[in-house]
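Understanding the architecture of this molecule
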Amino acid sequence: QVHLVESGGGLAQAGGSLRLSCAASGRAVGIFDMNWFRQAPGKEREFVAAINRSGGETHYADSVKGRFTLSRDNAKNTVYLQMNNLKPEDAGVYYCAADWGSWGTAHSPSGMDYWGTGTPVTVSS
């Protein structure tokens, strides 16, 4: 069992930055590919970014490429999502998710094994 706790959400102005963290406990986060998803009110949960076990490879949704950076510190059992140049459409609840399966290009919510409870992000225009 893995327990994931997100933090770092809050209110930012458009063009501003936030850094989200996802701390894992229960098992070493280094055995999972780690993902971030977000969900805006009335919308489906969507993929944001993923990082493989070693941290050597990342995937991003087209909507956040060049603005968001995902990194991990396996020694600290923590994953970080640096979000720069935030836009109002980035608002939503951000969820951290751990994937036990094989690394690939598909990152679906249904493929995740463990989820955090989310941290809200609000972006004012």
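What comes next concerns the included structure. (Residues numbered from 1 in each chain as written. Predicted model: local features only at pLDDT ≥ 70, side-chain atom pairs only at ≥ 80, totals over all residues. Heavy atoms only, no water.)

1. Comments concerning the side chain of N35
Note the threshold: Strands here mean DSSP runs of E at least two residues long; helices mean DSSP runs of H or I at least four residues long; both are numbered from the N terminus. Note on classification: 1.4 Å probe, protein chains only; a residue is buried when its accessible area is under 20% of the maximum for its type, exposed when over 50%, partly exposed between these limits. Polar contact is defined as a pair of N or O atoms within 3.5 Å, subject to the rule that within protein one atom must be able to donate a hydrogen and the other to accept it, and that residues adjacent in sequence are counted only when both atoms are side-chain atoms. Whether two residues touch is decided by their heavy atoms; if any such pair falls within 4.5 Å, the residues are in contact.
As for its position among the elements, N35 is in strand β4 (residues 33-39). Look at N35 and you get buried, because its relative accessible area is 1%. A polar contact is formed between the side chain of N35 and the side chain of H107, at a distance of 3.2 Å. Dropping the residues within four chain positions of it, N35 is found in contact with F47, A49, A50, Y95, C96, A97, D99, H107 and M112.

2. Side note on the environment of V29
With respect to the helices and strands, the residue V29 is situated in the loop between β3 (18-25) and β4. You can call V29 buried: its relative accessible area is 2%. With 66 residues separating them in the primary sequence, V29 and Y95 have C-alpha atoms 15 Å apart. Residues contacting V29, with those up to four places away along its chain left out, are A24, M34, R72, N74, N77, T78 and V79.

3. So, the packing of aromatic side chains
Basically, it comes down to this: To pair, rings of Phe, Tyr and Trp, with the six-membered ring standing in for Trp, must have centres within 6.5 Å; the planes then decide the type, stacked if under 30 degrees apart, edge-to-face if over 60, and tilted in the middle.
According to the stated counting rule, one finds five aromatic pairs in the structure shown. On the numbers, 5.7 Å between centres and 85° between planes, the contact of F32 with Y114 is edge-to-face. In this pair, F32 is assigned in the loop between β3 and β4 and Y114 in strand β10 (residues 114-115), connecting sequence segments 82 residues apart. Taking relative accessible area as the criterion, F32 reaches 1% and is therefore assigned buried. Geometrically, the ring pair formed by Y95 and W115 is edge-to-face, given 6.3 Å between the ring centres and 85° between the ring planes. Residue Y95 is found in strand β9 (residues 92-99), and its partner W115 is found in strand β10; the two are separated by 20 residues along the sequence. Using a relative accessible area of 13% as the deciding quantity, one classes Y95 as buried. You can call W115 partly exposed: its relative accessible area is 28%. Aromatic ring contacts, followed pair by pair, group F37, F47, Y95 and W115 into a single cluster.

4. Focus: the sheet that holds strand β1 (residues 3-7)
Counted only if it meets this: By the convention used here, strands pair only if DSSP detects at least 2 bridges between them. As a rule, the C-alpha atoms of each element are fitted with a line to give its axis, helices using only the stretch in contact, and angles between N-to-C directions run from 0 to 180 degrees.
Sheet architecture is open: four strands sit in the order β1-β3-β8-β7, paired in antiparallel fashion. Of all the strands in the sheet, the pair left with one neighbour each is β1 and β7 (68-73). Strand-to-strand twist in this sheet, taken as the mean axis angle between neighbours without regard to direction, amounts to 15°.

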